[in-house]
Structures are given as structure tokens and as C-alpha cells.
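These are the residues of each chain, in order.
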Amino acid sequence: MTQTDTMQTTPRTLTPDRIDHFREQGFVHIPGIINAEEVERFRVAALRIYETQEGLSARDVFSQHVNVWRGDETMRELTLHPNVAGVARKLAGVSLRLWHDQILVKRPHNNTPTEFHQDQPYWPHDGSPNPISAWIALCDVPVERGCMSFLPGSHRRTDLERQDLSDARSLFGICPDLQWSPRVTVPLKAGDCTFHHGRCAHMANANETDEPRVAHVVIYMDAAARYDGKGHVVTDPLGLKLGDALAGEMFPELG
Ligand code: SIN
Ligand code: NI
């Protein structure tokens with residue numbers, strides 16, 4: 001089956017079992033969050049940004065480009081996409097703001113998995129209860145190209161300190177019992193996405209294929225989220241004070 005005959009998912013067609021799955025397990029697979037024409041347009045735009053900026057930000061695990069919606073009209077369309085935000089809103093069950101976006105490219109044969117970690121401990125709004133990320137596949141992402149695996153239910157572990165996503169022993173050193181959790185691996189067709197809660201532990205395989213793995217991640221937080229003072233590349237330049245609302249044009253309310 002190709003992406004064009006995959007069912008599209010909208011906030012209206014999102015089924016209650018997918019909402020329940022997200023809330024119980026901390027992640028969910030959503031087929032067809034964008035259509036085939038959009039995949040092509042956004043993949044070309046994402047790769048253009050990757051190729052022009054790669055020298056500035058190449059890393060071993062993946063190449064990461066943050067807040068591309070602020071500088072690129074095409075990627076802005078994807079980051080602010082009403083279908084993506086509408087589904088996120090229904091899964092989270094609360095009003096959401098954009099926290100930031102990022103293009104995540106794994107170059108061919110990068111040899112490096114993204115190791116298990118939770119996202120929220122990296123972010124300066126630790127107390128916000130409903131952070132949710134849409135990881136959108138802009139190419140087919142089978143296991144061999146670096147799809148994600150999740151630890152179901154780990155979004156309830158709000159007590160864990162920050163883990164190192166480049167160290168395979170980090171999460172399991174901090175929380176040894178999670179080593180015995182089942183792991184669920186979710187290959188994605190181009191245009192599909194997974195949504196995961198900011199505390200749901202996840203990893204992504206290395207890219208063993210000859211094509212780059214191109215993903216765009218849109219990250220939302222509770223509309224009421226407040227700044228907790230932690231350092232972060234998005235908030236460091238903003239001169240925020242502890243307890244300030246994360247609001248305004250950098251963090252538009254979307255869902
Ligand atoms: C990846 O795409 O390699 C990891 C994404 C994530 O950690 O959220
Ligand atoms: Ni992550």
C-alpha cells in the first residue's frame with residue numbers, strides 16, 4: 001500500500017480507541033496526518049534547510065534544526081498545520097501552545113541510535129502535565145531507517161532526572177525497572193506520525209539505509225505552561241523570569 005491510499009486522519013475521524021491508547025500508553029500511531037503532496041513539499045523544504053545548515057549543527061545522533069517555522073514559509077505551514085494541532089489537542093484533552101519545532105535528519109548509515117530518554121526533563125516547563133510531540137515522517141521510516149520505539153506507560157514516571165540520549169545505559173541506570181518494560185517499535189509510512197507524551201521514554205534506531213531519514217517534530221505544551229528557569233536554546237535569548245507565562249508570538253496557542 002502506498003501513502004496515497006492510506007486513510008487520512010483528522011480531528012473528526014480520530015477514533016476514541018486511539019485517544020485511549022495515547023492516554024494509557026503515552027504514545028500513539030496516527031496514519032496519514034498529512035497527504036502525499038504535502039509530504040513531498042515538506043520533505044524538499046526540510047532537506048533544503050538540512051543541506052544549507054548541516055555544517056553548523058552536525059551531530060552524531062542526528063542533525064537537529066530548531067524553530068524552523070520562524071524562518072521558512074513552507075515549514076511554517078507544517079508546524080502550524082491545523083490537522084496536526086487539532087489531533088494533538090484531542091489526544092491531550094487540553095488547550096495547547098507550540099513549544100518549538102525541529103527537523104531531525106539521520107544521514108545514511110549514521111551508525112548511531114538515539115538512545116532511550118524522556119523529553120520533558122530537557123525542557124524549562126517541567127511542571128506542565130501535557131507536553132505532546134508529533135513526530136511526522138517525511139519519508140518512509142521502516143525500522144532500518146530509524147523509526148522510534150516506546151516504553152508503554154512510562155509517561156507516568158514524572159520523577160526521573162534528565163537522561164542522556166547518547167548513552168544507552170542512561171535511562172536504565174536511573175530507573176533499572178524500566179529495562180524490563182515491553183518495547184513497542186512503530187515503523188511509519190511517509191505522512192504518518194506518532195504522537196508521544198513528553199515523559200514517554202523513546203528511542204530511534206540508527207539509519208542503516210542509503211537514504212536520509214527525514215522527520216519533522218512539532219512539540220506542544222499546556223497553554224498554561226510557565227517558565228521554570230532551566231536553560232534551553234529556545235528560551236535562553238528571551239530574558240524570561242522564573243514563573244513567567246510561556247506565551248506570546250514565540251509560543252502561539254494552536255489547539
Ligand atoms: C530521533 O528522531 O532520532 C529521536 C526523536 C526524539 O528523541 O524525540
Ligand atoms: Ni526525544
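The present account deals with the structure reproduced in this document.

So, the sheet that holds strand β9 (residues 202–204)
- The strand order across the open sheet built from four strands is β4-β9-β6-β7, with neighbouring strands paired in antiparallel fashion. Both outer strands of the open sheet, β4 (114–117) and β7 (184–186), are each paired with one neighbouring strand and no more. Strand after strand, the sheet turns through a mean of 20° between neighbouring axes, direction not considered.

Digging into the site of ligand 1
- All residues adjacent to ligand 1 are Phe62, Leu104, Lys106, Thr114, His117, Asp119, Trp135, Met148, His202, Ala204 and Arg213.
- Separating an oxygen atom of ligand 1 from a side-chain N or O atom of Trp135 is a distance of 3.0 Å.
- Here an oxygen atom of ligand 1 and a side-chain polar atom of His202 are 3.1 Å apart.
- Coverage of ligand 1 by the protein amounts to 97% of the 260 Å² it exposes when considered alone.
- Contributing elements (two or more residues each) for the shell around ligand 1: β3 (96–106), β4 and β9.
- In the shell around ligand 1, the residues fall into five nonpolar, three polar and three charged.

Observations regarding the packing of helix α1 (residues 16–25) against helix α4 (residues 82–92)
- Between α1 and α4, whose axes approach to 9 Å, the crossing angle comes to 65°. Of the two elements, α1 crosses α4, and the hand of that crossing is right-handed. Along the contact surface, α1 presents Arg18, Ile19, Phe22 and Arg23, while α4 presents Lys90, Leu91 and Ala92.

Criteria and cut-off values
Residue indices begin from 1 for each chain and proceed along its sequence in written order. Whichever chain is written first becomes A and whichever ligand is written first becomes 1, with later ones labelled in order. Per-residue local features are limited, in this predicted model, to residues with pLDDT of at least 70; the limit for side-chain atom pairs, both in listing and counting, is 80 or more; totals at the level of whole chains, interfaces and linings are taken over all residues. Only hydrogens and water are set aside; all other atoms, that is, all heavy atoms of the structure, feed into the side-chain values. Note on pairing: two strands pair once DSSP finds at least 2 bridges between them. Each helix is a run of H or I in the DSSP string that is no shorter than four residues. Each strand is a run of E no shorter than two, and both are numbered from the N terminus. Simply put, an axis is a line fit to the C-alpha atoms, just over the touching stretch for a helix, and the angle between two N-to-C directions goes from 0 to 180 degrees. Note on terminology: near, applied to a residue and a molecule or strand, indicates that one of the residue's heavy atoms is within 4 Å of it. Side-chain atoms alone can form a polar contact between residues adjacent in sequence; in general such a contact is a pair of N or O atoms within 3.5 Å, and within protein one must be able to donate a hydrogen while the other accepts it. Each accessible area is a Shrake-Rupley result for a 1.4 Å probe, and residues are judged covered by the shown protein chains and nothing else. Residue polarity follows a fixed list, in which Ala, Val, Leu, Ile, Met, Phe, Trp, Tyr, Cys and Pro are nonpolar, Asp, Glu, Lys and Arg are charged, and the others, Gly among them, are polar. Each helix crossing is assigned a hand: it is left-handed if the near helix lies turned anticlockwise from the far helix by less than a right angle, otherwise right-handed if that turn is clockwise. Note on contacts: a residue pair is in contact if any heavy atoms of the two residues lie within 4.5 Å.

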